[in-house]
Amino acid sequence: MNSTTARTHARTRTRSWSIAGAASIAAIALALASPLAASAHVTVGPNQASPGSYPTLTFNVPTESASAGTVKLEVDLPTSTPLGSVVYQPIAGWSTKVVTEKLATPIKTDDGTVTEAPVKVIWTAASGVQVAPGQFQRFVISAGAVPDTGSIVLPVHQYYSDGTVVNWDQKTPASGAEPEHPAPTVYINDAPPADGASNVLATTGATAPSSAAASPGAAAVAIGLGIGGLALGAIALVVAVFAATRRPRAQKEQ
């Protein structure tokens, strides 16, 4: 093999490695990024609690819009099985209001008859403050006592700076098939959806780990996309090795 042919083969192997390497990087990036994309919903953690406890509930709120920021958030609290106490963790640049109203039907408890209860928590951003595209914010409350019931649904209304409102208020069925805008739900006596990973809160006032925020359907999609990305990476590496080790026949010197 003359020097010109050797240089040509070296350049060919270099290009093959570059192409395969780029494909591997893209596949790995897909595998790593897909869980983030799939779980970009408003969620609450933990998604399980014990009756009578006072859990710290964390609403994880990503801004899904590419052009507008989140400037207001409303969480609807249950009225048929009300929470007697709700306090919030302050956030710099945001004002918070807990709305209390009289119940249409008073609730009898061991401590007496409840005629009014918190029905909504509202966070409003100050002028110039927002959860920008590509960012998320945690909104935290401590609530209780948790009612002795199956579950409590906590619909969330997300307001954007362009006037758009996204309502996270759709119930997730027992099958775990995630709707387009699932409502954050805390399961008490009911089991969470079959495909969902739950985080049981047995200790009063315990802080919810951030991993509990993952929604069931998002987790399933993320795992599938992640496996697909890793498979593409493996294929790209095989192509790279094949291209690098393949040697054309040496040409006779003239």
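Quantities reported herein were computed from a predicted structural model and do not represent experimental measurements. Within any chain, residue numbers begin from 1 and follow the written order of that chain's sequence. Where totals are concerned, whole chains, interfaces and linings use all residues; where local detail is concerned, this predicted model gives features only for residues with pLDDT of at least 70, and gives and counts side-chain atom pairs only at 80 or more. As a rule here, side-chain values cover all heavy atoms of the structure and leave hydrogens and water aside.

(A) Inspection of the pairing of strand E3 (residues 70-76) at higher detail. Only protein chains enter the accessibility calculation, which uses a 1.4 Å probe. A residue is then buried if its area is under 20% of the maximum for its type, exposed if over 50%, and partly exposed in between. By definition, any uninterrupted DSSP run of H or I lasting at least four residues is a helix, any uninterrupted run of E lasting at least two residues is a strand, and each is numbered from the N terminus. Among the 7 residues in E3, 5 count as buried, and that is most of the element. Where E3 lies against strand E9 (residues 156-160), 5 bridges are found, and the strand directions are antiparallel. Counterpart to Thr70 in the pairing with E9 is Tyr160. Pairing between strands is defined by DSSP: at least two bridges between the two strands are required. Taken together, the 5 bridges between E3 and strand E6 (residues 112-125) define a ladder with antiparallel strand orientation. Residue pairing across strands places Glu74 opposite Ile122, the latter belonging to E6.

(B) Region of interest: the packing of aromatic side chains. Only the six-membered ring of Trp is used, alongside the rings of Phe and Tyr, when aromatic pairs are assigned; centres must lie within 6.5 Å, and planes under 30 degrees apart are stacked while those over 60 apart are edge-to-face, with the rest tilted. Taken as a whole, this structure holds 2 aromatic pairs when the rule is applied. Taking 5.2 Å as the distance between ring centres and 80° as the angle between the ring planes, the aromatic pair formed by Trp94 and Phe139 counts as edge-to-face. Here Phe139 lies in strand E7 (residues 136-144) and Trp94 lies in strand E5 (residues 94-109), a separation of 45 residues in the sequence. Residue Trp94 shares its accessibility class with Phe139, and that shared class is buried. One aromatic cluster is present, built from ring pairs that chain together Trp94, Trp123 and Phe139.

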